[in-house]
Amino acid sequence: SAKKILLVEDEVLIALQKQRQLEQYNYHVQHVSSGEEAVEYVLSKSCDVDLVLMDINMGAMSGTEAAQTILRCKEIPIVFLSSHTEPEVVQKTEHISSYGYVLKNSSIVVLDASIKMALKLFEAKKKIEHSEAYRHKMFESSKFPIVVLEAENYTCIDCNAAALRIYDLNNKFALIGKTILDYSAAEQYDGVDSTLKLKSILQLAKTDGTAFFHWRNQKSNGDLWDTEIHVMSFESEGKILLQYSLFDVTEKRRLEIVKLNTQNRLTIQRSAIARLVSDSEMFESDFQDSLQKICRLMLDALCVSRFSIWQLNETQTELVCLALMDSENGNFSSGLTLETATFPMYFKSILAENRIISDDVFKNVQTSELFEYYTSENIHSMMDAGFFVKGKLTGVVCAEHRGEKRAWHPDEESFISTAAAIVGQIFDREKQLQLT
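Cut-off values and rules
- Residues numbered from 1 in each chain as written.
- Predicted model: local features only at pLDDT ≥ 70, side-chain atom pairs only at ≥ 80, totals over all residues.
- Heavy atoms only, no water.
- Salt bridge = Lys/Arg side-chain N within 4 Å of Asp/Glu carboxyl O.
- Helix = DSSP H or I, 4+ residues; strand = E, 2+ residues; numbered from the N terminus.
- Buried < 20%, exposed > 50% of the residue type's maximum accessible area, 1.4 Å probe, protein only.
- Patch = residues over 30% accessible without salt bridge, like charges linked within 9 Å, V, L, I, M, F, W, Y side chains within 5 Å.
- Areas by Shrake-Rupley, 256 points an atom, 1.4 Å probe, with all protein chains shown as cover.
- Pairing = 2+ DSSP bridges.
- Axes fitted to C-alpha atoms, helices over the stretch in contact; angles between N-to-C directions.
- Parallel < 35°, antiparallel > 145°, perpendicular 65-115°, else oblique.
- Contact = heavy atoms within 4.5 Å.
- Nonpolar A, V, L, I, M, F, W, Y, C, P; charged D, E, K, R; others polar.
- Core = buried A, V, L, I, M, F, W, Y, C linked by side-chain atoms within 4.5 Å.

Taken as a whole and assessed by the stated rule, the structure comprises 23 salt bridges. Ionic pairing is found between Glu-75 and Lys-125, a salt bridge with its closest N-O pair at 2.4 Å. Taken together, the positions of Glu-75 in the loop between helix H3 (63-73) and strand E4 (78-82) and Lys-125 in helix H5 (residues 108-141) put the pair 50 residues apart, joining distant regions of the chain. When its relative accessible area of 32% is taken as the criterion, Lys-125 is described as partly exposed. Residues Lys-197 and Asp-190 are paired through a salt bridge, measuring 2.8 Å at the closest nitrogen-oxygen approach. Taking the relative accessible area as the measure of exposure, Lys-197 reaches 23% and is therefore partly exposed. Bridged by salt links that share partners, the residues Arg-306, Asp-326, Glu-328, Glu-377, Glu-400 and Arg-402 form one connected network.

Bringing a nonpolar patch on the surface into the picture now. On the surface, Val-12, Leu-13 and Leu-16 cluster together into a nonpolar patch covering about 320 Å² of accessible area. Position of Leu-13 relative to the elements: it lies in helix H1 (residues 12-24).

Spatially, E2-E1-E3-E4-E5 is the arrangement adopted by the five strands of the open sheet, whose pairing is parallel. Of all the strands in the sheet, the pair left with one neighbour each is strand E2 (28-32) and strand E5 (101-103). The average undirected angle you get between the axes of adjacent strands in this sheet is 25°.

Closest axis-to-axis distance for the helix H9 (residues 287-302)/helix H12 (residues 410-435) pair is 12 Å, and the angle between their directions is 175°. Judged by the inter-axis angle, H9 sits roughly antiparallel to H12. Two secondary-structure elements touch here, H9 through Phe-287, Leu-291, Ile-294, Met-298, Ala-301 and Leu-302 and H12 through Glu-412, Phe-415, Ala-419, Val-423, Ile-426, Phe-427 and Glu-430. Grouping the constituent residues of the contact of H9 with H12 by class yields eleven nonpolar, no polar and two charged.

Next up on the list: the pairing of strand E16 (residues 379-389). Within E16, nine of the eleven residues are buried, which leaves it mostly tucked inside the rest of the structure. Where strand E15 (residues 355-358) and E16 come together, four bridges link them in antiparallel fashion. Looking across to E16, one finds that Ile-356 is bridged to Asp-384. Where E16 lies against strand E17 (residues 392-402), ten bridges are found, and the strand directions are antiparallel.

All right, on to the nonpolar core then. Among the nonpolar cores identified, the biggest contains 32 residues, and Phe-307, Ile-309 and Val-397 are the most heavily contacted of them. Contributions of two or more residues to this core are made by helix H8 (250-278), H9, strand E11 (306-312), strand E12 (318-326), E16, E17 and H12. With residues near it in sequence (within four places) discarded, Phe-307 still touches Cys-295, Met-298, Leu-299, Leu-302, Ala-323, Leu-324, Met-325, Val-397, Cys-398, Ala-399 and Ile-416.

Spelled out as structure tokens, the structure:
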């Protein structure tokens, strides 16, 4: 479509000539004869001009003054017209964002080319500004935390709001000038000093252009948290910078560790069950030695402080310890007796549920009756499972944990019940041997 030109020229004959020439080149031309009129026209609501051809030398308000006034309020391409080539005249326009300087005696071909070039430059400038604004908006509004670093000293020079949130900071000044190390743990997962590890990783990002790594961070209160960090290098204004995005994977890593620990426990438990069921060496000696071997095996499989096997007497009035192993001294003991009448809730629970699982023995009503026993041994958590012979409760296997409370895992609860059932079979077999 035809472009609309505002011609600012105080000499009427020159203005008419330029207007006629420009209209022959398919421009719509609006003429004003002073800088004041040009300012009023361009800043009016109805102004729709695409470019201003501004004469430099006019009356009260010069062309350069009018251009400065217009550009303070509105962004529009301005091309200066002048009959002067003196340096001091040309220099007046150098500090103004103009798009060209054309002599008045230039041909319409030169003027047309200058106008087209000015319009192209202005359009290109608008596209760049739009692109930069878009990139800045994307950067600031991104839900992904983004931090920009100096490539030489790895200090932060910019970050977005998401980065402030993940680092739990109030403003950019808390991060700008800092490095990743200021919010990192002293050592990483492999025990390597964070300073040495980060330097090698970021050097790799500079040479290869990108890097990905897991990183252990530390909050001001000392809490550790885990991240995955993606870093890339890029060039800006002749400088190499690094940009990294980070993602909080603390929960993901915790679940991975839980899964790995569960797999390790299950492997140990399966091995222990296999020995209880089929290892002839477990039972090649007398019954008492076999019970001690079972205690040692279960102590290691469950990583507990003590493991013991107890038997009810025929009248079920006493619970007698046949074998107890203590991990602190590696010694075995036996003979401790508990009166069932003294602990009715405990025995009622074992008969009803076959097992008692307690993270805190002092707050569990099923075990609180044994307060003195647990206190004397510094026991805070336990798992007891009853074993049966011919459908009759015959005894209990007991895993006890000293020190801080311990949360038992479901696989551990199932494991001690399975072990108790196998111990019941062993007692049944021993009873059959005694009868024969």
